[in-house]
Amino acid sequence: MDVYVWLPRCDAGAFRHFVERYVDRRNPGDDRLEAFIRAYIDGTASDDDRAALADLGRGDSLGDGFSLYVKARAYYGAIITVTRDGSAVLGLSIDDPDGSAAVLAQARALIDQLRGEFDSPAGCAGEELPPAQSWEEWSDGGPVQLRVGHLPRGR
């Protein structure tokens, strides 16, 4: 079960908090985490960092949006997405091999927790749900099983 919250803008403080609290920095599973930190938290990215992050996206530049999948400390995984329209989506994956109702309740509680932590207007969850890369994708819903809150129109 993938759980996401929407951040109206990319915010270095929110990214720092998410990485420090949820991401396994000792063993992130993707070396591009350090490039992300330099680019979006520290503001010290090199051209190589930007190129490494652009490789994560759907296009050939950072403006096309991208998602970084890394290992989490207490969850199955952590997902950091920078959307095409300059917003961010932060996510955590909960292991749910049996599709249990208890996990859906856990997902709801996690959405509420993350919305509070990151002052997020909306959250969603679903089985193997990819992170939205834009406001339109978030609003479209796709295979969303749980939706909480509302996004302002256009972002």
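For the structure, check the block above.
Figured I'd write up the structure that's included with this text. Here the structure is a predicted model, which means the values were calculated and not measured.

### Regarding the overall build of the chain
Piece 1. Scanning the chain from N- to C-terminus turns up five helices and six strands.
Piece 2. Reading the chain from its N terminus to its C terminus gives the helix and strand order β-α-α-α-β-β-β-α-β-α-β.
Piece 3. Expected size for 155 residues packed as a compact globule is a radius of gyration near 15 Å; at 15 Å, the chain falls within 12% of this value.
Piece 4. Its C-alpha atoms give the chain principal-axis dimensions of roughly 45 × 35 × 25 Å.
Piece 5. Across the chain, contacts joining residues at least 24 apart in sequence account for 61% of those joining residues at least 6 apart.
Piece 6. With the model as given, the accessible surface of the chain reaches about 7,600 Å², and the carbon-plus-sulfur share is 46%.

### Examining the sheet that holds strand S2 (residues 66–70)
Piece 1. A sheet is described by the order of its strands in space; here six strands give the open sequence S2-S3-S4-S1-S5-S6, paired in antiparallel fashion. Unpaired on one side and paired on the other, S2 and strand S6 (146–149) mark the two borders of the sheet. Here the average twist between neighbouring strands, direction ignored, is 15°.
Piece 2. Where strand S5 (residues 122–126) lies against S6, four bridges are found, and the strand directions are antiparallel. Within the sheet, the bridge partner assigned to Ala 125 lies in S6 and is Leu 146.

### So, the layout of surface pockets
Piece 1. Quantified by volume, the largest pocket comes out at close to 210 Å³.
Piece 2. If you list the elements that add at least two residues to the lining of the largest pocket, you get S2 and strand S3 (77–82).
Piece 3. Looking at which element gives the most residues to the lining of the largest pocket, the answer is S3, with three residues.
Piece 4. Along the lines of polarity and charge, the residues of the lining of the largest pocket split into eight nonpolar, two polar and five charged.

### Thoughts on the state of the cysteines
Piece 1. In total, this model carries zero disulfides according to the counting rule given.
Piece 2. Just so you know, Cys 10 is unpaired, no disulfide at all, and the nearest cysteine sulfur is the one on Cys 124, 17 Å from it.
Piece 3. What makes Cys 10 partly exposed here is its relative accessible area of 25%.

So, how was this worked out
Residues numbered from 1 in each chain as written. Predicted model: local features only at pLDDT ≥ 70, side-chain atom pairs only at ≥ 80, totals over all residues. Heavy atoms only, no water. Helix = DSSP H or I, 4+ residues; strand = E, 2+ residues; numbered from the N terminus. Rg over C-alpha atoms; globule rule 2.2 N^0.38 Å. Contact = heavy atoms within 4.5 Å. Areas by Shrake-Rupley, 256 points an atom, 1.4 Å probe, with all protein chains shown as cover. Pairing = 2+ DSSP bridges. Axes fitted to C-alpha atoms, helices over the stretch in contact; angles between N-to-C directions. 1 Å grid on protein atoms, 1.4 Å probe; cavity = no way out; pocket = protein on both sides within 12 Å on 5 of 7 lines; lining within 4 Å. Points joined across faces, edges and corners; volume = space filled by probe spheres on them. Nonpolar A, V, L, I, M, F, W, Y, C, P; charged D, E, K, R; others polar. Disulfide = S-S within 2.5 Å. Buried < 20%, exposed > 50% of the residue type's maximum accessible area, 1.4 Å probe, protein only.

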